[in-house]
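# Architecture and fold: a report
Listed below are the residues making up each chain.
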Amino acid sequence: MNPSAPIGVFDSGVGGLSVLRAIRTELPHEHLCYIADSGHVPYGTKTPEYLQQRALELTRFLLVQGAKALVIACNTATVAAVANLRATFSVPIIAVEPAVKPAVALTKTGIVGVLATAATSASAQFESLRKRFGASVTILTQACPQLVTQVEAGDLTSPMTRILIEQYTAPLLTAGADTLVLGCTHYPFLGPLIDDVVGPSVTIIDTGVAVTRQLSRVLAAQNLLNVDLIPGSEHFWTSGKMQTTQGVISTLWGHAVTVQRLPQTVA
Ligand SMILES: N[C@@H](CCC(=O)O)C(=O)O
């Protein structure tokens, strides 16, 4: 595999851009291909079979683009599909999972709140994280489906978004959680607002940087880091509404970008 080939990244929508921006910061020379599967969002309410099928189709498309590695920038797709993808494809596959371990190490009240989709919280993988790292603390989960909708609409700061965050975090804070894990890649875009709502005594943990370090390690171990010194490029595709998604991706990415439609066979 050619080290100057791109890295393929996908999510149910624009949320995985929170991972993509961490990759861009850590690996400035890598070329990146990103799919926002916004035509199929939310993943959080879909069956594992549906998500496995989607993940196969999106991965095949990214491999056709020449991807040398794949990042599943979605916790929900990870729990449903990572094992199947690893069994099917030979490229390195890096995936996100809620950062339960660092949260357990940080909590002082012994109560950790995990914001994640219902599918992620109900998964066997999450149960296994809970068993491995959470034996000495209480781990509470909270699904926040409407926050995914707000981020997909590019609404990161409105009073409505704030009210939703207040409603979703209130039960966790009342129970004494002092550490909140952002277990869905859409939520880091709401990090500043979540921070403002929960206040300075609550620590918020994101996984974007940890995933990027893992990606970096895996690429280095396989001699796949791009050694070209020119800045890496980004290419974006979506299965969602073109104009809306292009606008939201540009806002979240920080400057205007071109987004292409996924071919009909994949969309
Ligand atoms: N990006 C989300 C998926 C949100 C959704 O589509 O429900 C995750 O990391 O789980």
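What counts, and where the lines are drawn
- Residues numbered from 1 in each chain as written.
- Predicted model: local features only at pLDDT ≥ 70, side-chain atom pairs only at ≥ 80, totals over all residues.
- Heavy atoms only, no water.
- Helix = DSSP H or I, 4+ residues; strand = E, 2+ residues; numbered from the N terminus.
- Buried < 20%, exposed > 50% of the residue type's maximum accessible area, 1.4 Å probe, protein only.
- Contact = heavy atoms within 4.5 Å.
- UniProt positions renumbered as here; feature names shortened; annotations may be inferred.
- Polar contact = N/O pair within 3.5 Å; in protein donor to acceptor, adjacent residues only side chain to side chain.

For the rest of this paragraph, the subject is the side chain of Ser12. By secondary structure assignment, the location of Ser12 is in the loop between β1 (7-11) and α1 (17-26). On the accessibility criterion, Ser12 (4% relative accessible area) is buried. Setting aside its immediate chain neighbours within four residues, Ser12 contacts Asp37, Ser38, Val41, Tyr43, Cys74 and His186.

Summarizing the sequence annotation, UniProt attributes the feature "active site" (unreviewed entry) to Cys74 and Cys184 in the numbering used throughout. A compact arrangement is adopted by the annotated residues: their sequence extent is 111 residues, whereas the largest C-alpha distance between any two is 6.6 Å. Tracing the backbone through its elements, the reader meets Cys74 in the loop between β3 (69-72) and α3 (75-88). On the basis of relative accessibility, which here comes to 4%, the residue Cys74 falls in the buried class.

Glancing now at the UniProt feature "binding site: substrate" (unreviewed entry) in the protein chain. Residues annotated by UniProt as "binding site: substrate" (unreviewed entry) correspond here to Asp11, Ser12, Tyr43, Gly44, Asn75, Thr76, Thr185 and His186. For the residues just named, distributed over 176 residues, the greatest C-alpha separation is only 11.7 Å, placing them together at one site. Turning to its location among the elements, Asp11 is positioned in strand β1. Beyond its immediate chain neighbours, meaning those up to four positions away, Asp11 contacts Gly16, Tyr34, Ile35, Ala36, Asp37, Tyr43, Ala73, Cys74, Thr185 and His186. Reaching out from Asp11, the side chain makes a polar contact with the backbone nitrogen of Gly16 at a distance of 2.9 Å. Positionally, His186 belongs in the loop between β7 (179-182) and α9 (191-198). Each residue touching His186, except ones within four places of it in the same chain, is listed here: Asp11, Ser12, Gly13, Val14, Gly15, Val148, Val151 and Glu152.

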